[in-house]
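One-letter residues, chain by chain:
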Amino acid sequence: MKRMRISIINDGTLGTNDLEALPEQIDAEITVYSSQDGIKQFTGGYDLIMASASDAEKAFKNGELDQGRLIAYGCPDDLERALMLGAIDFLPQPMDAASLLYALKKAVILASSRDIISKDKSTEQTSKGHVVTVYSPSGGIGKTMLAVNLAIMFTKQFGRKVVLADLNLQFPGVDLMLNLSPARTIIDLLSRIDNLDNEFLESFLMRHSSGIRVLPASQRPEDSERVSDRDIRSIIGALKKNGYLVVIDSSSNLNDNMLAALDCSNNILLVTSLELLALRNTRTCLEIMASLGYDKSKIELILNRATSKDLGVRVEDAENLLGERFIAQMPSGGECVVKAANHGQPFVLTQPENEISKSVAKIARIVLHGEDAQTAGEQKRGTLFSRAKRLFGA
């Protein structure tokens, strides 16, 4: 794959030393220009343009810049303008070197993934299985809790043949929440990654007393480097081919492996809460997924801890900010959730009548049958910009 070409147009506010260090830190061709020399000649032929919101607005008006390849920067008041321009990211000033580096690295990862999505769609149509990925760009939001209990609900209530795959390869948690001590992990699959037949998978996967099968992650964080995005695709493809309903507990990082899992998913359950940081990360995640060409119908928003009081943000505020409705609102499980996690006994088994267990059952019905699901896109992006300014003080 060819290296990404990035044009950075400096309006004089970006640090020269920080810009000069970028080519050694990012696997991309980076060229830095001054906005005093104009902008038109510095946008053609580049995969990504980084420019101030002011310069970018002028370029869009003159037809010199396309949507979907802009990283904008500027003062916090420029956030709404950047969103209107279709920027894939916005960097408020003053900006430090770490923020600049992170934004560009993220853009390179996204660009390298775009040509893979179409390949997976043809494979998806001929597969017998189904893949549900529980994802959140924020940690501590409850995605592992939901993934574990949802997998069990699919088996207990709907009789599906389920594999719960722990793809949080650096910091896994599925084994603890199920009180398992894995003898083999995903690392042990790599030696025969091209020959994952049904007989082998049946003998390899761990069995839990609930009836689900489990593919654990290694307890050694350094082992995550041994698993490639190709391996992820092969494993998911083999499980789908053999008729499993695959529930993936994910990492919060949008690296190549995580993007591979999301690409292969029939449903992405995007979990968030009413905390502003979580909502901002979720909004960014939705914009990234849109830029990658994901079908909106497979992305479904879940609100966790919906019954928490006095957080300063209402559910309707969150929906307007995100531009989408939540398909389900999970209550704050409190003691029920903590005890279940600490004892390795999922609450859908020990407390099936608890409100949080009922909310998991509802999510399972929506995923499998579309029951109670809200129509995608009922909230328009127009409300996003006005709410974003109020909520984030932009």
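Scroll up for the structure.
Throughout what follows, the structure given in this document is the object of discussion. (Residues numbered from 1 in each chain as written. Predicted model: local features only at pLDDT ≥ 70, side-chain atom pairs only at ≥ 80, totals over all residues. Heavy atoms only, no water.)

**Describing the packing of aromatic side chains**
- What the rule picks out here adds up to one aromatic pair.
- Seen from their ring centres, Phe200 and Phe204 are 5.6 Å apart, and the 35° between their planes marks the pair as tilted. Of this pair, Phe200 and Phe204 both sit in helix H8 (residues 198–204), four residues apart, which is roughly one turn of that helix.
- By relative accessible area, which is 5% here, Phe204 ends up buried.
- Between the NZ or CZ atom of Lys298 and the centre of the ring of Tyr294, over which it lies, the distance is 4.7 Å. (Phe/Tyr/Trp six-rings, centres within 6.5 Å; stacked < 30°, edge-to-face > 60°. Helix = DSSP H or I, 4+ residues; strand = E, 2+ residues; numbered from the N terminus. Buried < 20%, exposed > 50% of the residue type's maximum accessible area, 1.4 Å probe, protein only. Lys NZ or Arg CZ within 6 Å of the ring centre and 35° of its normal.)

**A short note on the layout of surface pockets**
- In this structure, the largest pocket encloses a volume near 990 Å³.
- In terms of lining, the largest pocket is formed by 36 residues, of which the most central are Asp89, Lys106, Arg280, Asn281 and Thr284.
- For the lining of the largest pocket, the secondary structure elements donating two or more residues are helix H3 (79–84), strand E5 (89–92), helix H4 (97–113) and helix H11 (276–291).
- Residue composition of the lining of the largest pocket, grouped by class: 23 nonpolar, six polar and seven charged. (1 Å grid on protein atoms, 1.4 Å probe; cavity = no way out; pocket = protein on both sides within 12 Å on 5 of 7 lines; lining within 4 Å. Points joined across faces, edges and corners; volume = space filled by probe spheres on them. Nonpolar A, V, L, I, M, F, W, Y, C, P; charged D, E, K, R; others polar.)

**A word on the packing of H11 against helix H12 (residues 315–322)**
- In the contact formed by H11 and H12, the axes pass within 9 Å of each other and the chain directions differ by 30°. It follows from the interaxial angle that H11 and H12 lie roughly parallel. Classified by chirality, the crossing of H12 by H11 is right-handed. Residue-level inspection shows Leu279, Thr282, Arg283 and Leu286 of H11 in contact with H12, the latter providing Ala318, Leu321 and Leu322.
- Residue classes in the contact of H11 with H12 are distributed as five nonpolar, one polar and one charged. (Axes fitted to C-alpha atoms, helices over the stretch in contact; angles between N-to-C directions. Parallel < 35°, antiparallel > 145°, perpendicular 65-115°, else oblique. Left-handed = near helix turned anticlockwise from the far one by under 90°. Contact = heavy atoms within 4.5 Å.)

**Structural notes on the sheet that holds strand E9 (residues 213–215)**
- Ordered by their spatial adjacency, eight strands build an open sheet running E8-E9-E7-E10-E6-E11-E12-E13, and the pairing between neighbours is mixed. Edge strands, defined here as strands with exactly one partner in the open sheet, are strand E8 (206–207) and strand E13 (326–329).
- Lying on the sheet, helix H10 (residues 256–263) is in contact with strand E6 (130–135), strand E10 (245–249) and strand E11 (267–272); it crosses E6 at an angle near 135°.
- Contacting E6, E10, E11, strand E12 (299–303) and E13, helix H15 (residues 355–369) runs over the sheet at an angle of about 155° to E13. (Pairing = 2+ DSSP bridges.)

**Looking at the sheet that holds strand E1 (residues 4–10)**
- Spatial ordering of the open sheet is given by E2-E1-E3-E4-E5, a layout of five strands whose pairing is parallel. In this open sheet, the two edge strands, each paired with only one partner strand, are strand E2 (28–34) and E5. When the angles between neighbouring strand axes are averaged without regard to direction, this sheet yields 15°.
- As paired elements, E1 and E2 share seven bridges and run parallel to each other. Looking at E2, one finds that Asn10 is bridged to Ser34.

**Examining H15**
- Over its 15 residues, H15 extends 21 Å from the first C-alpha to the last, a length consistent with the 21 Å expected when each residue adds 1.5 Å.
- Taken residue by residue, H15 has Ile356, Ser357, Ser359, Val360, Ala361, Ile363, Ala364, Ile366 and Val367 as its buried positions.
- N-cap assignment for H15: the residue whose side-chain oxygen lies 3.0 Å from the backbone N of Ile356 is Asn354. (Expected span 1.5 Å × (residues − 1). Polar contact = N/O pair within 3.5 Å; in protein donor to acceptor, adjacent residues only side chain to side chain.)

**Re the packing of helix H6 (residues 143–158) against H15**
- As a packed pair, H6 and H15 sit with axes 9 Å apart at the nearest point and diverge in direction by 70°. Between H6 and H15, the angle falls in the class roughly perpendicular. As H6 runs across H15, the sense of the crossing is right-handed. Where H6 abuts H15, its residues Met145, Leu146, Asn149, Leu150, Met153, Phe154, Gln157 and Phe158 lie against Ile356, Ser357, Val360, Ala361, Ile363, Ala364, Arg365, Val367, Leu368 and His369.

**Brief notes about empty space enclosed by the protein**
- For the structure shown, the criterion picks out one cavity of 30 Å³ or more.
- Considering only enclosed or pocket space, the largest cavity measures out at about 40 Å³ in volume.
- What lines the largest cavity is Ala165, Leu167, Leu215, Ile232, Ile235, Ile236, Leu239, Val246 and Ile248.
- Elements with a minimum of two residues in the lining of the largest cavity: helix H9 (229–241) and E10.
- Considering every element that reaches the lining of the largest cavity, the biggest residue donor is H9, with four residues.
- Considered class by class, the residues forming the lining of the largest cavity number nine nonpolar, no polar and no charged.

**A short note on the nonpolar core**
- Judged by nonpolar contacts, the single largest core of 54 residues is most densely connected at Tyr135 and Leu215.
- Apart from residues lying up to four places away in sequence, Leu215 is in contact with Val163, Leu164, Ala165, Asp166, Ile186, Leu189, Phe204, Leu205 and Ile235.
- By size, the runner-up hydrophobic cluster in this structure holds 42 residues, among which are Ala151, Val271, Val348 and Ile366. (Core = buried A, V, L, I, M, F, W, Y, C linked by side-chain atoms within 4.5 Å.)

**Focus on unusual backbone geometry**
- Geometrically, the link from Gln93 to Pro94 is a cis peptide bond, its omega value of 5° lying close to zero.
- Along the chain, the position of Pro94 falls in the loop between E5 and H4.
- Even without a glycine there, the phi angle at Asn179 is positive, about 55°.
- Mapped onto the secondary structure, Asn179 falls in the loop between helix H7 (174–177) and H8.
- Residue class for Asn179 comes out exposed when judged on its relative accessible area of 60%.
- Of note, the phi angle at Arg305 is positive, near 55°, even though the residue is not glycine.
- Secondary-structure assignment places Arg305 in the loop between E12 and H12.
- Residue Arg305 is classed as partly exposed on the basis of its relative accessible area of 28%.

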